[in-house]
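Observations on chain architecture
What follows is each chain in one-letter form.
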Amino acid sequence: MGKGGQNGEGCSSGCVKSDPRYSWEEIQKHNTRTDKWLVIDRKVYNISAWVKRHPGGLRVISHYAGEDASEAFHAFHPDLNFVRKFLKPLYIGELDENEPSQDRGKNMEQVEDFQKLRKTAEDMGLFKGSVLFFGLYLSHILVLEVLAWATLYYLGTGWIPTLITILFLSISQAQAGWLQHDFGHLSVFKTSKWNHIGHKFVIGHLKGASANWWNHRHFQHHAKPNIFSKDPDVNMVHIFVLGDTQPVEYGKKKLKYLPYNYQHQYFFLIGPPLLIPVYFTVQIMKTMITRKDWVDLAWSLSYYTRFFFTFVPYFGVLGSIALLTTVRFIESHWFVWVTQMNHIPMEIDHEKYRDWLGSQLAATCNIEQSFFNDWFSGHLNFQIEHHLFPTMPRHNYYKIAPFVRSLCKKYEVLYEEKPIWKAFTDIIGSLRKSGDLWLDAYLHK
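Residues numbered from 1 in each chain as written. Predicted model: local features only at pLDDT ≥ 70, side-chain atom pairs only at ≥ 80, totals over all residues. Heavy atoms only, no water.

1. Things to note about the overall build of the chain
For the chain, the helix and strand inventory stands at 18 helices and six strands. Structurally, the chain occupies a C-alpha span of about 90 × 55 × 45 Å along its principal axes. Residues classed as buried in the chain amount to 52% of the 445 residues present. A fraction of 70% describes how many contacts in the chain between residues 6 or more apart in sequence connect residues 24 or more apart. On the chain, roughly 21,800 Å² of surface is accessible, and the fraction owed to carbon and sulfur atoms is 62%. Placing the 48 positive and 42 negative side-chain charges of the chain at their respective mean positions leaves the two points 5 Å apart. (Helix = DSSP H or I, 4+ residues; strand = E, 2+ residues; numbered from the N terminus. Buried < 20%, exposed > 50% of the residue type's maximum accessible area, 1.4 Å probe, protein only. Contact = heavy atoms within 4.5 Å. Areas by Shrake-Rupley, 256 points an atom, 1.4 Å probe, with all protein chains shown as cover. Lys, Arg positive; Asp, Glu negative; His and termini not counted. Charge placed at Lys NZ, Arg CZ, Asp CG, Glu CD.)

What follows is the structure, given as structure tokens:
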């Protein structure tokens, strides 16, 4: 129960009013669908009625109900003073003075050292985006779009010009995917407003997708990476089983939606080929329509209008649809291999209530740095640094990486880095291992 007077009730004249005080035991009870409390910097907030208005989505903030959300709060919000205005009406009290700042036995020294590291990054100016870097990056995407059209305009629609056009468009789409990711994380401009505008332009007009759909999905991934029921990226709708615990659970329950011991093989048929052309495309359109997100829908339709206006004169309607599908098919392979090489081989499990450093490092790994790896992955080869500091501009990841390695070494937290081809093969190896665990449990447990 809360301790202390409720706004001074019961006080005689002249006594000092005090805010209610709460224990972690009580706070942790408020993690239901209709009753949600969380803690930020020792202050307790009742977010039960406000979650539906949360700009980042209902689910991402709900994932911290009954928990300390301080580290996530600082990681996601570059302008803390602005965000605290929304928190003020939700404030209900403080942690009791006898309660630790961290819940569930987290290492206080490790948490404090990570806070110091974040302060170091701020003092070094590592959260300031380079207009030149992102301007050149956007320019090279637009140049690729123009080259795709110019190839057809000057060379015609033969097989070779068509293949060159597909190549230019596929690279452009993949790179636009990494750029929208930057805008979505508010890491390009100083103000959120301009980041949101840039995000809608890149993901909407350049890619035909939805900024709000991406935000609500992707922020959950960052808040609770590789956690079942909280990270949508590991919700495989019974198509794959992941990690070490889920396969055994499925096996014991005799669940066999697919032959999971062959999932490392059928991954090549239904994973990279279908994610963007089928699953994402259908999900995005359905989400925009059902949620009546007409602004994002307008941005999305502007992409399709521009695409067909550009290519129908050369390929006709059906030919342009085939062109778009082919580009999406290639981009989907690119996207899946890059995004999953950092996560699928890592720990995937149920909630373990780790601190920010521990939870992010358990779910992510890095790929060796090179100019090609940086460009090819949109700097997501620095996945560890990106997850620890999601609002940091990607061109600064390499600067903070040595400090992160040092902190991990101090607390014996695994900092894993590998060659890109090893990372690709580890995806398949991980799927094979999980499939074997499922088969053993299915047959013998």
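Once you've had a look at it, read on.
2. Let's talk about the sheet that holds strand 3 (residues 43-46)
Strand order in the open sheet made by the four strands is 1-4-3-2, with mixed pairing throughout. Where the open sheet ends on each side, the last strands, each with one partner, are strand 1 (21-22) and strand 2 (37-40). Inspection of the sheet shows strand 2 paired to strand 3 by four bridges, in the antiparallel sense. Bridge pairing links L38 to Y45 in strand 3. (Pairing = 2+ DSSP bridges.)

3. Looking at the environment of I40
Mapped onto the elements, I40 comes out in strand 2. Sequence separation between I40 and A72 is 32 residues; the distance between their C-alpha atoms is 9.1 Å. When near neighbours in sequence (up to four residues on either side) are disregarded, I40 contacts Y45, A69, S70, F73 and L87.

4. Quick notes on the layout of surface pockets
Looking at the second largest pocket, its volume works out to about 1,100 Å³. Contributing to the lining of the second largest pocket are 50 residues, with R217, L275, F280, F335 and V336 lying nearest its centre. Taken together, the elements giving at least two residues each to the lining of the second largest pocket come down to helix 7 (159-184), helix 9 (211-223), helix 11 (263-270), helix 12 (275-290), helix 13 (294-340), helix 16 (383-388) and helix 18 (420-444). Among the residues forming the lining of the second largest pocket, the class breakdown is 28 nonpolar, 17 polar and five charged. (1 Å grid on protein atoms, 1.4 Å probe; cavity = no way out; pocket = protein on both sides within 12 Å on 5 of 7 lines; lining within 4 Å. Points joined across faces, edges and corners; volume = space filled by probe spheres on them. Nonpolar A, V, L, I, M, F, W, Y, C, P; charged D, E, K, R; others polar.)

5. As for the UniProt feature "transmembrane region" (unreviewed entry) in the chain
Within this numbering scheme, the UniProt entry marks residues 125-144, 150-171, 266-284 and 304-324 as carrying the feature "transmembrane region" (unreviewed entry). As a span, residues 125-144 carries 70% helix and 0% strand, and end to end its C-alpha atoms are 32 Å apart. Here residues 150-171 runs as 86% helix and 0% strand, with 16 Å between its end C-alpha atoms. (UniProt positions renumbered as here; feature names shortened; annotations may be inferred.)

6. Brief notes about helix 12
Along helix 12, the largest kink reaches about 25 degrees and is centred on T281. Packed against the buried residues of helix 12 are helix 9 and helix 13. (Bend = angle between axes of the 7 residues up to and from the residue.)

7. Here's the deal with the UniProt feature "domain: Cytochrome b5 heme-binding" (unreviewed entry) in the chain
UniProt's entry tags residues 19-96 with the feature "domain: Cytochrome b5 heme-binding" (unreviewed entry), counted in the numbering of this structure. The distance separating the terminal C-alpha atoms of residues 19-96 is 10 Å; by composition the span is 31% helix and 19% strand.

8. Things to note about the pattern of salt bridges
Per the counting criterion, the structure on display carries 27 salt bridges. Between E97 and R21 there is a salt bridge, and its shortest N-O distance comes to 3.9 Å. Here R21 lies in strand 1 and E97 lies in the loop between strand 4 (91-95) and helix 5 (108-123), a separation of 76 residues in the sequence. One salt-bridge network, in which partners are shared between bridges, spans E67, K224, K230 and E351. (Salt bridge = Lys/Arg side-chain N within 4 Å of Asp/Glu carboxyl O.)

9. Overview of empty space enclosed by the protein
In this structure the tally under the stated criterion is two cavities of 30 Å³ or more. In this structure, the largest cavity encloses a volume near 250 Å³. The wall of the largest cavity is formed by 28 residues, among which K224, E351, R354, D355 and S359 lie closest to the centre. When contributions to the lining of the largest cavity are tallied by element, the ones reaching two or more residues are helix 3 (70-76) and helix 14 (356-363). Top element by residues in the lining of the largest cavity is helix 14. It accounts for four residues. Looking at the lining of the largest cavity residue by residue, the class counts come to 12 nonpolar, five polar and 11 charged.

10. Regarding the pairing of strand 4
Here strand 1 pairs with strand 4 via two bridges, running parallel. The residue bridging Y22 from the neighbouring strand is L95, located in strand 4. Pairing of strand 3 with strand 4, which is carried by three bridges, proceeds in the antiparallel orientation. Bridged to K43 within strand 4 is E94.

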